[in-house]
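If you want the building blocks of each chain, they are given just below.
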Amino acid sequence: MFERKPGPMKALTRQWQLQSMVIPGIIWMFIFCYIPMFWLMIGFMDYSIARPMLESPFVGFKHFEEFLSDDRFWRSIRNTLGMSSIKLLLGFPIPILFALLLNEIRNLRFKRTVQTISYLPHFIAWTIFGGIALNWLGEGGVVNQLMMALGLQDREILYNSDPKYFWWITYFTDTLKETGWSAIIYIAAIAGIDPGLYEAAELDGANRWQRMWHITVQSIRPTIAILFILAVAGILGSNFEQIFMLKNNMNMKMAESLDLYIYNMGLVSGRHSFSTAVLFARSIVALGLLLLANYTSKKLTNESIF
Amino acid sequence: MKRKLVKPRSAFILAACLMLSLAACTNSGNNETAPSSSPSSSSQPTESSTPSSSGEAAPNPDEPAWKLDTSPVELTWFVGANWYAHNWGESLTSKYVTEKTGVSVKIEVPSGEANEQMTLMMTSGQLPDLISMGSWETAVKKLWEGDHVYALNQLADQYDPYFYKVAGDGTLKWYKQPNGNTYGVPNDSYSPNLMHETGMTAANQTFLVRKDLYEEMGRPDLSTPEGFLGALQLLKDNYSKYKGQTMSPFFAQGNVPYGMTEYLQNLLAIPFEKDGKVYDRMTDPDYIKWLKTFRTAYERKLINVDFLVDSDTQVEEKTNNARYFMMIREWTGMTAVNPMLAASANPESYYIAVDGPQNAGGDSAKLFPGNMDGWMVTMISKSTKHPERAIRFLSYLASEEGQKDLFLGKEGETWDTVDGKPQLKADLVQLLETDIAKLEKDYGVLDTYWMMRNPVIVNQWRPEKAPVIKQMEDFANAQADIDSGIYKGLDPLGDSDVAVAWSRISQNWEEVLPELITAKDEAAFDKIWNGFLERRDSYGFDQVVAYRQAELDARKAKMAE
């Protein structure tokens, strides 16, 4: 650091080789994220794939009015918020806790084994994992056997037939499948902490809990904040494959999320305009949520995305 | 010093990145130009398409035109069924057909839903040469309307008039569009005349029970609510476990929209029309009475709701272990399981077709027969570079020769003529019973390549079915309502307002029926039922009724032609 701190433009020109590596990413994003925005127009049209887009008639807010006046749309909003809230409040801390606990394990081989095993389920597609989960939840499944062995219930319950269990099923199966994977980013952040900090704290007499709280947690706080902001922004999204696999006619009342609603009401009948309108509205709300979460986080913890 | 070390390496990575992104750009560029050029160039099949046919003499309507050109050509064939797992080129029949006609086929199946995949392909403008899709799929209509596929009659006029001889006059007429063109050939299409003639109706709806339990119970009458509930009670009292596992008393195929609605209504012989007017089968008193019977059965804990929630794998597992007692189920889905159960340690635990729920008049069931729509329709896309080979190939496959080549294979190798009749060799028949997967993979005979299967031609060559399958088939044939094919699929599909209304109604019904069955008493049942009827009206049921009426009238007019 013997040079003076260069200005942003100067830094950019000096690092041009490194900076230009981001160009493919930007091109990719432009093609797949920005250009498609042009087609958001079809949300305001009666579009049919059989004819060119610009020849489709404009219908204004017809599709928006249609879904806003549909009680099933509002039900799907409720379900999405319900499932996302459970995932956010009870599911978000779990990978953090897991990463913290894993970090305390001294035996390296054991640690690696646990980590590998815990993230393996992430690589099983929901179509498979959902099928396995349904077997666990079935009459002769492991859940029923466990509950009966523990004396918590006296006869078999068809867990996936009762709507009241559905949100919890999505929460538990998701946690089971994704915890190890989500923990990776925290583990990486923890690995980046200067070991000197721990040594100093140890000399000062901090016990393990104190070191965990005052050093590890504080050091990964920016990571936690960013992931939290993104999670809040995604609250109107849901895991379509998961819900699609686990839903059935009996739990539909609590299972139909916004994504599934779009699928059932839009894509199944080839109504692309309607689906686009719903997605468009969702994106606007998601943007609002993102800004809100970002602002709150900035005020409370001084961490923010922008 | 340090910076110099970094530079060459980073420059190299950079170059690699840029090359990748450039490659991505050129690729997408290709994709964008293709759709705009192909429809314009191929909308006139007359000029550009084929140099080889220009040198040939005008095709002879009495002679198959595929013989004119047997040079090797590859056609891609989209088969709109994601479970279809057969290849072309490995099995004996496919090799034989390729050798004979020069056409080798590359089969493509959708990774997910056929309809969605086809929609995607349409938007990208790149279609496989041949397309087979379920005739009910909305994408089929879009392919026709969007001018993505050739009119088969025009191709036939130009390249292969022999097509008219083999494609079956009736089916071509059935699929004729208002503009006078026909865009697809169906497979498994049955005309009422043919069914009357042969007694083969392709009816596959049956009510099945497990034979040993049913007979031990003394063949109870299942056709009345009382008898039905009584048999379930017997099952619960005496046979609630089988091989240590809980028995599932009841199953309905296709869940609410099929098994518990249309199919059950067919068993109850509820009419589709009364005095020329389309009848609202849902509100038929017999149907409601039986729904209430199911509710009572659930209240008494005689049935569970597993049949409404089980995944396909769970159903399969229960079926394979003979854990169902009664099933509203198509016999065609039992052709593998039944012989297996009959050969198991408990040889009487297979399923037989019996009379299931009946209406108050005790009429026997009126089952759907096969119909003119058939199962899948096969089309030739305008993206193909070889429209002449495609139409000739289709006309070959539709002809008796092609049907025989694909269904039986090569004479002397897979079949022989016995008493003037083609007959599959004994070892293959043996294989059919023991290892059908191997039979289809190695030989590719019988129902391996069903895309152009014409039951009128191939059924005469089928080997005799095992008795445990024949019983179900005969039962279904006897109860088929041959003239009811015209009522199949009257409901609106697609993205029109009336189709959306119908889709909202039927999706709501899928949620309502489980509520009805699990309602705590009759009063609750009635309340839910009335709620459904009100919702149905508010979603626009009157439009749906009008649509069905118009559709039915149009079909009748077509049949009369």
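All of these numbers come straight from a predicted model, not from anything done at the bench.

About the cut-offs
Residues numbered from 1 in each chain as written. Chains lettered and ligands numbered in written order. Predicted model: local features only at pLDDT ≥ 70, side-chain atom pairs only at ≥ 80, totals over all residues. Helix = DSSP H or I, 4+ residues; strand = E, 2+ residues; numbered from the N terminus. Buried ≥ 20, exposed ≤ 12 C-beta atoms within 10 Å, placed from the backbone. Contact = placed C-beta atoms within 7 Å. Pairing = 2+ DSSP bridges. Axes fitted to C-alpha atoms, helices over the stretch in contact; angles between N-to-C directions. Parallel < 35°, antiparallel > 145°, perpendicular 65-115°, else oblique. Nonpolar A, V, L, I, M, F, W, Y, C, P; charged D, E, K, R; others polar. Expected span 1.5 Å × (residues − 1). Domains from an automatic or database assignment. UniProt positions renumbered as here; feature names shortened; annotations may be inferred. Arc of directions from axis to C-beta. Right-handed = clockwise from strand over helix to strand, strands pointing away. pLDDT = per-residue confidence, 0-100.

Chemist: Please set out the overall build of chain B residue by residue, giving values where relevant.
Modeler: Looking only at helices and strands, one finds 25 helices and 15 strands in chain B. Considering chain B as a whole, with its 561 residues, one finds that 41% of them fall into the buried category.

Chemist: Residues and numbers for the overall build of chain A, please.
Modeler: Within chain A, the secondary structure is distributed over 17 helices and 0 strands. Principal-axis analysis of the C-alpha atoms places the extent of chain A at approximately 70 × 70 × 35 Å. Burial statistics for chain A: of 306 residues in total, 26% are counted as buried. Across chain A, every contact between residues at least 6 apart in sequence was considered, and the portion connecting residues at least 24 apart equals 68%.

Chemist: Tell me about the sheet that holds strand E3 (residues 130–134) of chain B, residues and numbers included.
Modeler: Residue and element names in this part refer to chain B. What the 5 strands build is an open sheet, ordered E2-E1-E3-E13-E4; its pairing is mixed. Each end of this open sheet is capped by a strand with a single partner; those strands are strand E2 (103–108) and strand E4 (185–186). Alignment of E3 against strand E13 (residues 376–380), held across 5 bridges, turns out to be antiparallel. Across the sheet, the residue bridging to Gly-134 is Met-376, located in E13.

Chemist: Explain the packing of helix H7 (residues 108–119) of chain A against helix H10 (residues 163–191) of chain A to me, and be specific about the residues and the numbers.
Modeler: All names here are of chain A. Where H7 meets H10, the axes come as close as 6 Å, and the angle between the chain directions of the two elements is 120°. Between H7 and H10, the interaxial angle falls into the category oblique. For the pair formed by H7 and H10, the contact residues are Gln-115, Ser-118 and Tyr-119 on the first element and Thr-179, Gly-180, Trp-181 and Ile-184 on the second. For the contact of H7 with H10, a count of residues per class yields 3 nonpolar, 4 polar and no charged.

Chemist: I'd like a rundown of unusual backbone geometry, residues and numbers included.
Modeler: Residues and elements named next belong to chain B. Although it is not a glycine, Arg-219 sits at a positive phi angle of roughly 45°. Along the chain, Arg-219 turns up in the loop between helix H10 (211–216) and helix H11 (225–238). Its identity as a non-glycine residue notwithstanding, Lys-301 has a phi of 60°, on the positive side. Mapped onto the secondary structure, Lys-301 falls in the loop between helix H13 (285–299) and helix H14 (306–309).

Chemist: Account for the environment of A:Tyr198, naming residues and giving values.
Modeler: For A:Tyr198, the position within the fold is in helix H11 (residues 195–203). Through-space distance from the C-alpha of A:Tyr198 to that of A:Thr216 is 8.9 Å; in sequence the pair is 18 residues apart.

Chemist: Tell me what's going on with helix H17 (residues 387–398) of chain B, and back it up with residues and numbers.
Modeler: Along its 12 residues, H17(B) runs 16 Å from first to last C-alpha, staying within 8% of the 16 Å computed at 1.5 Å per residue. For H17(B), the full list of buried residues reads B:Pro387, B:Glu388, B:Arg389, B:Ala390, B:Ile391, B:Arg392, B:Phe393, B:Leu394, B:Ser395, B:Tyr396, B:Leu397 and B:Ala398.

Chemist: Give me the lowdown on the domain arrangement of chain B, citing residues and values where you can.
Modeler: Residues and elements named next belong to chain B. Entries for chain B in the domain assignment read domain 1 (51–190 + 374–408), domain 2 (204–366) and domain 3 (490–561). Centre-to-centre separation of domain 1 and domain 3, based on C-alpha positions: 35 Å. Counting residues at the interface gives 5 residues for domain 1, matched by 4 residues for domain 3. Of all the secondary structure elements, the ones that give two or more residues to the side of domain 1 that touches domain 3 are helix H5 (138–145) and helix H8 (169–174). Of the residues belonging to the side of domain 1 that touches domain 3, the class tally is 2 nonpolar, 1 polar and 2 charged.

Chemist: Would you mind going over the sheet that holds strand E11 (residues 324–330) of chain B in detail, with residue names and values included?
Modeler: Residue and element names in this part refer to chain B. In spatial order, the strands read E8-E11-E5-E12; together these 4 strands make up an open sheet with mixed pairing. Each edge of the open sheet carries a strand with a single partner, namely strand E8 (248–252) and strand E12 (351–353). In this sheet, adjacent strand axes meet at a mean angle of 20° when their direction is disregarded.

Chemist: Provide a residue-level description of the UniProt feature "transmembrane region" (unreviewed entry) in chain A, including the pertinent values.
Modeler: All names here are of chain A. With numbering matched to this structure, UniProt assigns "transmembrane region" (unreviewed entry) to residues 21–45, 86–105, 117–138, 180–198, 219–240 and 274–293. As annotated, residues 86–105 has a helix share of 90% and a strand share of 0%, and its two end C-alpha atoms lie 29 Å apart. The span residues 180–198 is 84% helix and 0% strand, and its two end C-alpha atoms sit 25 Å from each other.

Chemist: Tell me what's going on with the interface of chain B and chain A, and back it up with residues and numbers.
Modeler: Bring the parts together and some accessible area is lost; that lost area is often taken as the interface size. With 38 residues of chain B in contact, the opposing surface of chain A contributes 30 residues. Residue assignment for the side of chain B that touches chain A shows that the elements contributing at least two residues are helix H1 (2–42), helix H4 (114–124), H5, strand E7 (245–246), H14, helix H15 (312–320) and helix H23 (497–517) of chain B. Tallying contributions element by element places H1(B) first for the side of chain B that touches chain A, with 9 residues.

Chemist: Can you break down the packing of H17(B) against helix H18 (residues 400–408) of chain B residue by residue, with the values?
Modeler: Residue and element names in this part refer to chain B. Direction vectors running N to C along H17 and H18 enclose 75°, while the axes themselves pass 4 Å from each other. When the interaxial angle is binned, H17 and H18 end up roughly perpendicular. On H18, the residues touching Tyr-396, Leu-397 and Ala-398 of H17 are Glu-401, Gly-402 and Leu-406. Its residues assigned to classes, the contact of H17 with H18 comprises 4 nonpolar, 1 polar and 1 charged.

Chemist: So, the UniProt feature "domain: ABC transmembrane type-1" (unreviewed entry) in chain A: which residues are in play, and what are the values?
Modeler: The positions that UniProt labels "domain: ABC transmembrane type-1" (unreviewed entry) are, in the present scheme, residues 77–297 of chain A. Split by type, residues 77–297 of chain A is 76% helix and 0% strand. Its first and last C-alpha atoms lie 25 Å apart.

Chemist: Tell me about the environment of B:Asp310, and name the residues and values.
Modeler: Residues and elements named next belong to chain B. Inspection of the secondary structure assignment puts Asp-310 in the loop between H14 and H15. Residue class for Asp-310 comes out buried when judged on the 24 C-beta atoms lying within 10 Å of it. Sequence separation between Asp-310 and Asn-255 is 55 residues, and the spatial gap between their C-alpha atoms is 9.2 Å.

Chemist: Tell me about helix H16 (residues 258–267) of chain A, and name the residues and values.
Modeler: Residue and element names in this part refer to chain A. Looking at H16, one finds that the buried residues are Leu-258, Asp-259, Tyr-261, Ile-262, Met-265 and Gly-266. Down the axis of H16, the buried side of the element spans an arc of 155°, and every buried residue falls inside it. Contacts made by the buried residues of H16 are with helix H5 (71–91), helix H14 (240–246) and helix H17 (272–301).

Chemist: Report on the pairing of E2(B), specifying residues and quantitative values.
Modeler: All names here are of chain B. The two faces of E2 differ: Val-103, Val-105 and Ile-107 on one face are buried, but Ser-104, Lys-106 and Glu-108 on the other face are not. Judged from the 6 bridges that link them, strand E1 (residues 73–79) and E2 form a sheet pairing that is parallel. Residue pairing in the sheet places Trp-77 in a bridge with Ile-107 of E2. Viewed along the sheet, the connection from E1 through helix H3 (residues 92–101) into E2 turns out right-handed.

Chemist: Kindly report on the pairing of strand E5 (residues 205–210) of chain B, identifying the contributing residues and their values.
Modeler: All names here are of chain B. By the criterion of burial, E5 is predominantly enclosed, with 6 of the 6 residues buried. Going residue by residue along E5, you find Gln-205, Phe-207 and Val-209 tucked away on one face and Thr-206, Leu-208 and Arg-210 tucked away on the opposite face as well. As paired elements, E5 and E11 share 5 bridges and run antiparallel to each other. By the bridge assignment for E11, Leu-208 is matched with Met-327. Direction of pairing for E5 relative to E12: antiparallel, over a ladder of 3 bridges. When the bridges of E12 are listed, Leu-208 appears paired with Ala-353.

Chemist: Tell me about the confidence of the model for chain B, and name the residues and values.
Modeler: Residue and element names in this part refer to chain B. Predicted confidence across chain B gives a mean pLDDT of 82, with 89% of residues reaching 70 or more. Contacts of residues 1–6 to residues separated by more than four positions or lying in other chains number 0 contacts, the stretch itself having pLDDT below 50. Overall, residues 21–56 carries pLDDT values under 50, and its contacts beyond four positions in sequence, including any with other chains, amount to 27 contacts. Across the predicted assembly, pTM comes out at 0.77 and ipTM at 0.81.

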